[in-house]
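Residue-level structure breakdown
Residues per chain are reported as follows:
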Amino acid sequence: MEPLANINGVSLPLSEAKVSALDRGFLFGDAVYEVLRVYGGKPWLEDEHFRRFERSLAAIRITGVDVGRLRQRMHETIRAGDFREATTYIQVTRGAAPRGHAFPAGTVPLEFLYVQEFRDPYAAAREQGAAVVTQPDIRWDRCDVKSTNLLANVLAMQAAKEAGGVEALLYLPDGTLTEGTHTSFFGVLHGTVLTAPNSNAILPGITRGLVLRLAARAGVPVREHVLRRDDLGQVSELFLTGTTSEVLPVTSVDGRPVGDGRPGPVARRLQEAYRQAVREFVGG
Ligand code: PDD
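If you're wondering where the values come from, they're calculated on a predicted model, not measured in any experiment.

Residue placement: Arg71 occurs in helix H3 (residues 67-80). Residues Arg71 and Ile90 lie 19 residues apart in sequence; the distance between their C-alpha atoms is 9.4 Å. In this structure the side chain of Arg71 is engaged in a polar contact, spanning 2.8 Å, whose partner is the side chain of Glu46.

Encoded structure:
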């Protein structure tokens, strides 16, 4: 099935979608986005994603976007392509205008989305575990905003790929581990699941939030607390979470095994809880 797009209310195949070369998303990265997973034809954690999207729009002061209408277009696009297992990408830019840094007057935001079939690139890694590398976090001070300015993430991910990893864990100059380039991450230290507290240093991951709830429900001790690079030698487990990666066990960091080098029991339990939640969502 060909990916289907919608630009400002016009639906068309993604390959035919075009935007102005003066669009501020293209020129300045003056844009915010969301990625949702569709399971069994239904968008997963939709309210949470759209709440975060509204927060991102407000944070960069893009006004005049009817998010409810965008949501409607997303549903229509999923239905039009009869997508079952898919991802939805949604991006709003400040629109097209002659180039100048300050906000242009009277520009209409560009509302773009597309839906495409999901062919799971993480299936094997989810079973066997994944290798990651650490990289310095050179991003800006508002990583809580889901902005399309992803150059630092792109460079760190490329470094991970060249080192044979599926993700880079980012660390600040004081050694604090923040998150992955496109995932949140968790560690198990002395039997407690730890993940960085929400702040301007990380994206408030939607999957992260769900996994915190699932862990609490399963009686797994959890705490929002930062991990440092120095802790990596002591953690018994590490795992990543994200819309497409779900719960992804990490079995080595910078070439050194995590715990016994195999996916651990906490990650396995949370993977099962996640799959169960999806089964209930699809069946319900
Ligand atoms: N990435 N941290 C960063 C920097 C991210 O870009 C993402 C998501 C996450 C995980 O968030 P969530 O659980 O809401 O997907 C954490 C998306 C999927 C992307 O850029 O493709």
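A word on the pattern of salt bridges. Counted under the stated rule, the structure contains 21 salt bridges. Two residues, Glu48 and Arg213, come together in a salt bridge whose shortest N-O distance is 3.8 Å. Of this pair, Glu48 sits in helix H2 (residues 46-59) while Arg213 sits in helix H6 (residues 206-217), and the two are 165 residues apart along the sequence. A residue is classified by how much of its surface remains accessible, and Glu48, at 24% relative accessible area, is partly exposed. The exposure class assigned to Arg213 is partly exposed, which follows from its relative accessible area of 40%. When the shortest N-O distance is used, the salt bridge between Asp260 and Arg262 registers 3.1 Å. An identical accessibility class is assigned to Asp260 and Arg262; each is exposed. Through salt bridges with shared partners, a single ionic network connects Asp120, Arg126, Glu246 and Arg275.

Near the ligand you find 18 residues, and of these Tyr33, Glu179, Ile206, Thr207 and Thr243 are the closest. Measuring from an oxygen atom of the ligand, one finds a side-chain N or O atom of Tyr33 at 2.7 Å. Separating an oxygen atom of the ligand from a side-chain N or O atom of Thr243 is a distance of 2.5 Å. In the complex, the protein chains occlude 89% of the 480 Å² of accessible area that the ligand would expose alone. Contributing elements (two or more residues each) for the shell around the ligand: strand S3 (31-39), strand S9 (176-180) and H6. When residues of the shell around the ligand are assigned to domains, at least three fall in each of domain 1 (4-117) and domain 2 (123-283).

About the cut-offs
Residues numbered from 1 in each chain as written. Predicted model: local features only at pLDDT ≥ 70, side-chain atom pairs only at ≥ 80, totals over all residues. Heavy atoms only, no water. Helix = DSSP H or I, 4+ residues; strand = E, 2+ residues; numbered from the N terminus. Polar contact = N/O pair within 3.5 Å; in protein donor to acceptor, adjacent residues only side chain to side chain. Salt bridge = Lys/Arg side-chain N within 4 Å of Asp/Glu carboxyl O. Buried < 20%, exposed > 50% of the residue type's maximum accessible area, 1.4 Å probe, protein only. Near = heavy atom within 4 Å. Areas by Shrake-Rupley, 256 points an atom, 1.4 Å probe, with all protein chains shown as cover. Domains from an automatic or database assignment.

Distances and angles like these do not, on their own, reveal function.
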